[in-house]
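Next come the chains, spelled out residue by residue.
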Amino acid sequence: MKILTAEQLSEGDKITIEKQQITSEELMERAATLVFNEINNRLQGAPIPIKIFCGIGNNGGDGLVIARHLIQHGYHVTVYVVNYSDKRSDDFLANYEKLKDVTNDWPQLIKNEDNFPEINIGDFIIDAMFGIGLNRPIEGWVANLVKLINKSQAFILAIDMPSGLFSDKIPAEDAAVIEANFTLSFQAPKLVFFLPDTMDYVGDLQILDIGLDKEFLGKLQSGNHLIGEEEAVSLYKPRKANSHKGDYGHALIVGGSYGKIGSVLLTATAALKTGSGLCSLYIPKCGYHAVQTGLPEAMVVTDVEDDLLSGYPEDFKADVVCFGMGAGTANKTREALKNMLNTVKTPVLIDADGLNILSENKELLDLLPENSVLTPHPGELKRLVGEWKDDFHKLELVRSFSKKYKLIIVIKGAHTFVIDGNDIYVNNSGNPGMATAGSGDVLSGVITSFMGQSYEPVTAAVLGVFLHGRAGDIAAENLGYESVLAGDIAKNIGKAIQGLFSRKLKNSE
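The residue numbers shown here count from 1 along each chain, following its written sequence. It should be noted that, the model being predicted, local features are given only for residues of pLDDT at least 70 and side-chain atom pairs only at 80 or more, the latter also being counted only at that level, while totals for whole chains, interfaces and linings use all residues. To get the side-chain values, all heavy atoms of the structure are used, and hydrogens and water are removed first.

Caption draft 1: Just the overall build of the protein chain, in detail. Along its length, the protein chain carries 18 helices and 17 strands. Against the 2.2 N^0.38 benchmark of 23 Å for 509 residues, the protein chain shows a C-alpha radius of gyration of 26 Å, consistent with a compact globule. Projected onto its principal axes, the C-alpha positions of the protein chain cover 85 × 50 × 40 Å. Looking at the protein chain as a whole, 55% of its 509 residues are labelled buried. Pairs of residues are marked as contacts when any of their non-hydrogen atoms sit within 4.5 Å. At a minimum sequence separation of 6, the contacts of the protein chain that also span at least 24 residues come to 73%. In this description, accessible areas are obtained by the Shrake-Rupley approach with a 1.4 Å probe, and a residue is regarded as covered only by the protein chains that are shown. Carbon together with sulfur atoms contributes 47% to the accessible area of the protein chain, which is approximately 22,600 Å² in total. For the charge count, each Lys or Arg is scored as positive and each Asp or Glu as negative, with His and the chain ends excluded. For the purpose of locating charges, the reference atoms are NZ of Lys, CZ of Arg, CG of Asp and CD of Glu. Here the protein chain contributes 47 positive and 65 negative side-chain charges, whose respective centroids are spaced 4 Å apart. A run of DSSP states H or I qualifies as a helix once it reaches four residues; a run of E qualifies as a strand once it reaches two. Both are numbered from the N-terminal end. The quantity called the radius of gyration is restricted to C-alpha atoms. Its globule counterpart is 2.2 Å times the number of residues to the power 0.38. Accessible area is worked out with a 1.4 Å probe on protein chains only. A residue is then buried under 20% of its type maximum, exposed over 50%, and partly exposed in between.

Structure representation (structure tokens):
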């Protein structure tokens, strides 16, 4: 799914109105009715107090349409107009008049703090104050109203975008921004919904297709993409019946040190669970028995050193190499990485201590094969690309880094981002239970496996990130967030893939 900007969506509104020969008011009615349907499906007529805070622009107009439908269906609705300006949009005024036809209770005007209503913990709040069109911080008494709503502990539903949140920049730390429990947004997701700095304002997210012109949307260029199940299905390649292990790649996992052999064991397990035909590990001697016992399906080659890596196996033929988990950053291990990079000419995956070695020895970046994949967490990323001011600045730095070295960067987080030059792929699977030791090691194994199976590296990264998150979701459904271990994620990779395969079969029927 394309992630669009406010400007692109505004242009989509105009083209849709022209091509479908409808008015802007009719498009507003269509969009807001979809919001009402979602609310009605969930509340099922529940007699709870619904308080709708409407601005005086088009987001407020959406709120008035929602209010009209809720009132017509017997809900207990109070409408507040947040009068922050003397200007009103035409569609707001039209729907303000329509509200008179369904209720004798006029909207209550809020002009200052003296007009603030009481908000209770059991209220259902609908935020329709500003939406996507906001271009400056909320100030004064309106900011205090936002803070009052946030402190109320009432359930908050934001329409299109939480008020106070911008589509293209990060609000100040002390800014007034609605902290929504749920956001119903129109037609396409916005990048700000998924950034670590701002995603908590959004809460749970649902995108409503309001029927903007499909030809316009299809031709629209966007380098930002949201990856869900539908997108993952399109990337997955089912296996042929007539195949053997040699068709699915030989992955070499290089890493480990004394006390950190478990990391490479997790990576190798994930690689095999993702379908690698063969998997070998190159590890210090101290890990030999642990790996042979813990993962008999894998092959093991040991370094001459007992406790750390000092070299790279000569004349070893592998389809893909993954380096770094548990390796440490000793001088000998740095030389091992350098030796590997001077030997391997196909894309590799670098994680964990491999990234730390690169950040301390930037000259090694020039040795990385084109389209190699780096999988940093935020701390490792900062050491690679430098400090950033906010998440939008971070993405600029990473895009520049990706283009300079011709690398694919996987930024691990609640919504993991895969960046390939100017293209950004935002993952939409996963859960808080995956914030556990070793989860990243498993992800490296999944991506490495797909790279070895002849997926393009960026495809391997995008699909691998999604399936890793889906496996984590399956584990959490059975165990709860707190009890998910990295090994549980690896064990459920097969079920995650099976789910996609079943979906693909259904789609072809």
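Caption draft 2: Local environment of the side chain of H468. Secondary-structure assignment places H468 in helix α16 (residues 457–479). A relative accessible area of 7% places H468 in the buried class. Residue contacts for H468: discarding those within four places in its chain leaves M434, S439, V442, L443, I489 and I493.

Caption draft 3: The packing of aromatic side chains, seen in detail. A pair of aromatic rings is counted whenever rings of Phe, Tyr or Trp (Trp by its six-membered ring) have centres within 6.5 Å, and the orientation is called stacked for planes under 30 degrees apart, edge-to-face for over 60 and tilted otherwise. Enumeration according to the criterion identifies nine aromatic pairs in this entry. Here F116 and W141 contribute two aromatic rings whose centre-to-centre distance is 6.4 Å and whose plane-to-plane angle is 50°, an arrangement assigned as tilted. Taken together, the residues span a long stretch of sequence, with F116 in the loop between β3 (108–110) and β4 (124–128) and W141 in helix α5 (residues 140–151) at a distance of 25 residues. A ring pair is formed by F193 and F194, whose centres lie 6.3 Å apart and whose planes are at 75°; its orientation type is edge-to-face. Judged by relative accessible area, which is 2%, F194 ranks as buried. Through successive ring pairs, a cluster of aromatic residues spans F92, Y96 and W106. Cation placement over rings: the criterion is NZ of Lys or CZ of Arg within 6 Å of the ring centroid and within 35° of the ring normal. Seen from the ring of Y248, R239 lies directly overhead, with NZ or CZ sitting 3.6 Å from the centre. We note K382 situated over the ring of W388; from NZ or CZ to the ring centre the distance is 4.9 Å.

Caption draft 4: Here's a closer look at unusual backbone geometry. Positive phi, normally seen in glycine, also occurs at Q21, with a value near 55°. In this structure, Q21 sits in the loop between α1 (6–19) and α2 (24–43). Overall, the relative accessible area of 73% leaves Q21 in the exposed class. At Q187, a position not held by glycine, the phi torsion is positive, near 70°. Within the element layout of this structure, Q187 appears in the loop between β6 (182–186) and α6 (199–202).

Caption draft 5: Spatial organisation of the sheet that holds strand β10 (residues 278–283). A pair of strands is considered paired only if DSSP assigns at least 2 bridges between the two. Across the sheet, which stays open at both edges, the 10 strands sit in the order β8-β17-β16-β15-β14-β13-β12-β9-β10-β11 with mixed pairing between neighbours. Of all strands in the sheet, those bounded by a partner on one side alone are β8 (224–227) and β11 (299–302). Examined bridge by bridge, strand β16 (residues 417–420) and strand β17 (residues 423–427) share four bridges and lie antiparallel to one another. What sits directly across from V418, in β17, is Y425.

Caption draft 6: Structural context of the packing of helix α9 (residues 261–273) against helix α15 (residues 439–452). Geometry is summarised by axes, namely lines fitted to C-alpha atoms with helices restricted to the contacting stretch, and by angles between N-to-C directions that run from 0 to 180 degrees. Interhelical geometry of α9 versus α15 gives an angle of 40° and a closest axis separation of 7 Å. For the element pair α9 / α15, the angle class is oblique. As α9 packs across α15, the resulting crossing turns out to be right-handed. Of the residues in α15, those in contact with S263, L266, T267, A270 and A271 of α9 are D441, V442, S444, G445, V446 and S449. Geometric relationships in this document are graded by angle, where less than 35 degrees denotes roughly parallel, more than 145 denotes roughly antiparallel, 65 to 115 denotes roughly perpendicular, and other angles denote oblique. Helix crossings fall into two classes, left-handed where the near helix is turned counterclockwise from the far one by less than a right angle and right-handed where it is turned clockwise.

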